[in-house]
Amino acid sequence: MKPLSIRNKIWLTITSVSVLTIILVVVVSYYLYQTLYIEKQTETLLKQGQALEQSYYENNPENFSKRLDWLDNSSDTSVIFTEDPMLLASGAPFDSFAEENLITFSERQDLLKGKTLTFTKYHTGLDQEISAVVIPLSVENRLKAVIFLYIPLTAIAEAFEPIRNFLLVGVVLVIFLLILVGTKMTNRIVQPIKQMEKVAKDIAQGDFSKRLLIKGEDEIASLARSINTMSSNLDEVDRNRREFLGNVSHELRTPISYLKGYSEGLEEGIIPIQKFAETVKKETDRMDRLVHDLLDLAQLEGDSYPMNKEPVILAELVKEVLERFRLTLDDKSLVTEVQLDDVVVVNGDYGRLDQVMENLLSNAIKFSSANRKIRILVKERKETGVLEIEDEGIGIPEEDIPYIFERFYRVEKARTRKSGGTGLGLSIVQQIINKHEGRIHVDSKRGKGTVVIVEIPLFDFQ
Ligand SMILES: Nc1ncnc2c1ncn2[C@@H]1O[C@H](COP(=O)(O)OP(=O)(O)O)[C@@H](O)[C@H]1O
Ligand SMILES: [Mg+2]
């Protein structure tokens, strides 16, 4: 069997619930009406009978018979009065109930004892249900006569007529309403689901451009919102991936084309072997750096990459890195002004923080012209150790500052390529600082210089 669609399931539910409800309402109201109605009829019959009974005992036969006739003719109630001792004593039926044993033997016994009877039963002579009251009339403890009052119950069906019509109109109205509400409801549920299915299929096929139209605030809308978010995230990831691949291939293509050009030049004898060797060395170094940085970045971007945190004396680390750069600094005749607070101990991975310092210092050197000053400061502020590296170099244009942490971003591509930059340094720095729950901030003025401020949480000695 084909599984039911959601639309059909909803309709099946609506239909079965409403059919059940309608049946229940009709049955209950009919039942209530009938019981209440019969109760009321019996009560009326009893009252009428009691009035007649009273009249009988007044010993005014003329008046009594007038009342009998009047009751018989003026209402739905039929009255039988009999004084026939034969009828009363024997098992013979009452006149109009010929062939009908309307009163059973035990009921007759009750009458003889002076008990009033009330009952509802089927009367074959009249071919209908009747509701009846039988009142015994006794004088000196002897049954003298019987008043038999009854009313046909077909009247119930008639009495039920107005509410039946009312119910019918109600049912039609309810069905109409249910169809309306059901259609609206299924549309509200099914249509968005179908759209989501379509978009999900597109996503599966790699098309992340589709977005869902969101209406309302319910669970379906929230699901649609999630799908939209997922889609735009995937879109971004996809775009980043393409951009990254494009960048990587571009970065690799340049050194490769250099190598190709130089080897062709060598073959044709235009380029001396010395020059060729230099270029091969430079370009392979460059590719090596690039691949190394890329691998490093890929590792750092993985969530599970661990930092071996330990207490790190920032001043020591700065001194060590400076020592390594001594020659380079001297080559460029750069002056360093160092102000290091020895007591600053941060919670960090020594090797990684070394890498941060190295990257920032090499940038400061690279983008400074000769005879300028580089100021390095280590201090404590609130719960963090602060490292500031300030240069008097070329600076970064204000509009470029937001992008310098992006992979491969370089303000002047050609110029930084010559100096060996991959454009990955600051991305790596940012990743490392993020992994230390630290912060990095860059302030720069074009032509004036740059200051980079790094904050790393202090080591907690407790
Ligand atoms: N101290 C600085 N002074 C001027 N520009 C800087 C400085 N530091 C970084 N930049 C700019 O930010 C870019 C990105 O830096 P980075 O990621 O370290 O790449 P790379 O050093 O390989 O060029 C650099 O290319 C440069 O344009
Ligand atoms: Mg750099």
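Everything discussed here concerns the structure shown above.
Just so it is clear, the model here is predicted, and its values are computed rather than measured.

Draft legend 1. Quick peek at the nonpolar core. By size, the foremost hydrophobic cluster in this structure holds 36 residues, and its most contacted members are L314, V318, V356, M357 and L360. Looking at this core, the elements with two or more residues in it are α7 (273–301), α8 (314–324), α10 (350–366), β8 (373–381), β9 (384–391), α12 (425–435) and β11 (449–457). The element best represented in this core is α10, accounting for seven residues. In contact with V356, other than residues within four places in its own chain, are V429, I432, I433 and V454. Counting residues in each nonpolar core, the second largest holds 18 residues, with L52, I130, A132 and V146 among its members.

Draft legend 2. Focus on unusual backbone geometry. Unusually for a residue other than glycine, N371 sits at a positive phi of about 65°. Position of N371 relative to the elements: it lies in the loop between α10 and β8. Judged by the 10 C-beta atoms lying within 10 Å of it, N371 falls in the exposed class.

Draft legend 3. Main features of the sheet that holds strand β10 (residues 439–445). Here we have five strands laid out as an open sheet, ordered β6-β8-β9-β11-β10, and mixed in their pairing. Pairing within the sheet leaves two strands with one partner each, and these edge strands are β6 (335–340) and β10. Neighbouring strand axes in the sheet, compared pairwise and without regard to direction, differ in orientation by 10° on average. Across eight bridges, β8 lies against β9 in antiparallel orientation. Looking at the pairing, L377 lines up with E388 of β9. Where α8 meets the sheet, it contacts β6, β8 and β9, and its direction lies at approximately 165° from that of β8. Packing against the sheet, α10 makes contact with β8, β9 and β11, and its axis sits at approximately 20° to β9.

Definitions and cut-offs
- Residues numbered from 1 in each chain as written.
- Chains lettered and ligands numbered in written order.
- Predicted model: local features only at pLDDT ≥ 70, side-chain atom pairs only at ≥ 80, totals over all residues.
- Core = buried A, V, L, I, M, F, W, Y, C linked by C-beta atoms within 7 Å.
- Buried ≥ 20, exposed ≤ 12 C-beta atoms within 10 Å, placed from the backbone.
- Helix = DSSP H or I, 4+ residues; strand = E, 2+ residues; numbered from the N terminus.
- Contact = placed C-beta atoms within 7 Å.
- Pairing = 2+ DSSP bridges.
- Axes fitted to C-alpha atoms, helices over the stretch in contact; angles between N-to-C directions.

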